[in-house]
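# What the coordinates show
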Amino acid sequence: MTPPVPGTSPLIAAPPDERLALYGPDFAADPHGHYRRLRSQGPLARVRIAPDVDAMLVTDYHAAVDLLRDTDTFTKDPRAWQAGVPADSPILPVLGHRPTALFSDGDVHARYRGAINDTLALIEPHLLRAEVARVAQRLIAGFSAAGSGDLIAQYARRLPLHVFTAAFGVAPQDTERVVRGTAAMMDSAADATAAYDDLVGVVTGLVARRRAAPGRDLTSYLLAHPAHLDDDEAVRQITLIMSSGHDPMTNLIGNALLRMLSDGGYGGSLHGGAITAQEAVNDVLWRDPPLANMGAHFPRHDTEFHGVPLRAGQLVLVSFAAANTQSPPSPSESTVRSGDSAHLAWSTGPHRCPARQPALLMAMTAIEQLTSQLCDLELAVAPEALIWRPGPFHRAPAHLPVRFTPLDTLPDPEAPDAPDAVDHVPIRVGGTPNG
Ligand code: HEM
């Protein structure tokens, strides 16, 4: 998309040098500094999300809620906007149209969303908790003797992957491709399009296998759902679930662990009574939501929204991170707010996250398992030295180096008499999408 010439469009509220870039290392290093500058421009500000793509970003909490609920003024269908975006733009794997819940409205959305909701409802919380604990113990056993490790590469990134791929029936040899595909999408990396296509290839093979021979996994249930999704629709919903689920899970676990390990009063270690997993998760959802800027919407017609003129078809993103942190916590809230009912980390309105409960349960279980087994964990570098992954959409530590007292042995979670030895598919036995 060619950027408009400065001064020729009433939509440009700030000079080009004020059009902050939300990609690259500067934004990743200081997102909240960027949000402060953007807020000074009003409830919406023009930003650049890729070298050749601009968007309006909502940073005001009330404007964000209004937009996310206003289906009369805004559509989720990006096709009119997308026509002006280079086909190889690295943001298209995230924002480009596909026949999924995320890019549809009204009845079409209700059909896809119903199939997704019913499928996710088959996940049994106690089976999910046991499966997350089992995977967590295996992963911890992989590095606990070393006395050091990277909690992103060796834990937070791997754990949701193992749980998702088992739940959907992905072949073990394809799991790395799922990780690569979802990560490259969110990084808006140069190879994002190829990585997304590869992810779709993995899921296409999976759907073909389960169409021919259903099993007891979420893919088979989705295919049998009364919404009667065709193969492409099924592939796209599963790809959406994996990409919406995997990377944000990694980042919620990683950011919450970082919060616990860098909590001011405790000198970068869990010793001495750090904040609890619950407090850390809650704090991250308020201050650094894993999906920082998303909620893509497009005005159905030229309009004025919270005093800002918008053009039909223009890309409007919601900064969940900026909206959540608009007013600083009051002194009584100290560094941690309680309750999670009002933050926008899961969005709101018809496209709010359908997986809030299982996502919270996975994150809490993952953190509790790690911190109860490696109880003197501490950061191996100063928090300021951490590197954050680039990309406009997420808040994602690239690594989380830690050290701890090495452990000699851990219980083998695969042992037949282990208390949590479970079926690895955490879904209701005998459940069907119909009941
Ligand atoms: C920490 C974890 C997670 C966070 C913070 C999160 C947050 C969000 C947010 C903000 C949205 C709205 C996105 C938009 O409108 O552009 C969303 C949508 C969605 N999420 Fe999550 N999510 C998480 C985990 C998951 C998981 C584990 C799954 C699946 C198992 C999932 C599946 C989805 C789906 C399918 C949508 C699209 C819903 C629709 O358009 O109707 N998410 N999520």
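Structural data are supplied above this passage.
The present account deals with the structure reproduced in this document. The structure displayed is predicted, hence computed values, not measured ones.

A word on helix α2 (residues 31-39). Among all positions in α2, only Pro31, Gly33, His34, Tyr35 and Leu38 are buried. Buried residues along α2 sit against α1 (25-29), β1 (44-50), β2 (53-58), β5 (293-299), β8 (316-319) and α15 (320-324).

This next bit is on the site of the ligand. Around the ligand, the surrounding shell holds 28 residues, and the nearest of these are His109, Arg113, Gly295, His351 and Cys353. For the ligand, an oxygen atom lies 2.8 Å from a polar atom in the side chain of arginine 113. Counting only elements with at least two residues in the shell around the ligand, the list comes to α6 (106-120), α13 (231-261) and β5. The element contributing the most residues to the shell around the ligand is α13, with 7 residues. Of the residues that constitute the shell around the ligand, the class distribution is 20 nonpolar, 6 polar and 2 charged.

Further remarks concern unusual backbone geometry. One non-glycine residue with positive phi stands out, namely histidine 306, at about 50°. Topologically, histidine 306 is positioned in the loop between β6 (303-305) and β7 (308-310). Its identity as a non-glycine residue notwithstanding, serine 347 has a phi of 65°, on the positive side. Take serine 347: it is sitting in the loop between α15 and α16 (356-373).

Now for the layout of surface pockets. In this structure, the largest pocket occupies an estimated 290 Å³ of space. Of all elements in the fold, only α2, α13 and α14 (277-287) reach the threshold of two or more residues within the lining of the largest pocket. If you tally residues by element for the lining of the largest pocket, the top one is α13, at 3 residues. When the residues that make up the lining of the largest pocket are grouped by side-chain class, the tally is 5 nonpolar, 3 polar and 5 charged.

Taken together, 3 strands build an open sheet; the order of strands is β4-β10-β9 and the sheet is antiparallel. The two strands at the open ends of the sheet, each matched to only one other strand, are β4 (148-150) and β9 (378-379). Summarising the sheet, β4 and strand β10 (residues 401-403) pair through 3 bridges and their orientation is antiparallel. Across the sheet, serine 148 pairs through a bridge with arginine 403, a residue of β10.

Time to look at the sheet that holds β2. As summarised here, the arrangement of the 5 strands in space is β1-β2-β8-β5-β3, forming an open sheet in which the pairing is mixed. Looking along the sheet, the strands with just one partner apiece sit at the ends: β1 and β3 (74-75).

Another point: the coordination of the iron atom of the ligand. What the protein offers the iron atom of the ligand as a donor is a single atom, Cys353 (SG), at 2.4 Å. Considering the arrangement of structural elements, one finds cysteine 353 in the loop between α15 and α16.

Looking now at the environment of alanine 87. Mapped onto the elements, alanine 87 comes out in the loop between α4 (79-82) and α5 (92-95). Note on alanine 87: relative accessible area 71%, which makes it exposed. Sequence-wise, alanine 87 and threonine 193 are 106 residues apart; in three dimensions their C-alpha atoms are separated by 9.4 Å.

This brings us to the pairing of β2. Burial analysis of β2 places 6 of its 6 residues in the buried class, which makes it a mostly covered element. Strand direction decides the pairing type here: β1 and β2, joined by 6 bridges, are antiparallel. Bridge assignment links alanine 50 to a residue of β2, and that residue is valine 53. Pairing of β2 with β8, which is carried by 3 bridges, proceeds in the parallel orientation. Residue pairing for β8: valine 58 is matched across the bridge by valine 318.

Packing of helix α7 (residues 125-143) against helix α9 (residues 158-168) leaves a shortest axis separation of 10 Å and a crossing angle of 130°. Comparing their axes, α9 and α7 come out oblique. Relative to α9, α7 is oriented so that their crossing is right-handed. Contacts from Leu128, Glu131, Val132, Val135, Ala136 and Leu139 of α7 reach α9 at Arg158, Leu159, His162, Val163 and Ala166.

Looking now at the packing of α9 against α13. Axis separation between α9 and α13 bottoms out at 9 Å; the angle between their running directions is 155°. Classified by the angle between their axes, α9 and α13 sit roughly antiparallel to one another. Crossing hand, α9 versus α13: right-handed. Facing α9, whose interface residues are Leu159, Pro160, Leu161, Phe164 and Phe168, α13 presents Ile238, Ile241, Met242, Gly245, His246, Met249, Thr250 and Ile253. For the contact of α9 with α13, the class distribution of residues is 10 nonpolar, 3 polar and no charged.

Thresholds, definitions, all that
Residues numbered from 1 in each chain as written. Predicted model: local features only at pLDDT ≥ 70, side-chain atom pairs only at ≥ 80, totals over all residues. Heavy atoms only, no water. Buried < 20%, exposed > 50% of the residue type's maximum accessible area, 1.4 Å probe, protein only. Helix = DSSP H or I, 4+ residues; strand = E, 2+ residues; numbered from the N terminus. Contact = heavy atoms within 4.5 Å. Near = heavy atom within 4 Å. Polar contact = N/O pair within 3.5 Å; in protein donor to acceptor, adjacent residues only side chain to side chain. Nonpolar A, V, L, I, M, F, W, Y, C, P; charged D, E, K, R; others polar. 1 Å grid on protein atoms, 1.4 Å probe; cavity = no way out; pocket = protein on both sides within 12 Å on 5 of 7 lines; lining within 4 Å. Points joined across faces, edges and corners; volume = space filled by probe spheres on them. Pairing = 2+ DSSP bridges. Donors = N, O, S within 2.8 Å, 3.2 Å for Na, K, Ca; no water. Axes fitted to C-alpha atoms, helices over the stretch in contact; angles between N-to-C directions. Parallel < 35°, antiparallel > 145°, perpendicular 65-115°, else oblique. Left-handed = near helix turned anticlockwise from the far one by under 90°.

Function cannot be read off these values alone, since they describe shape.
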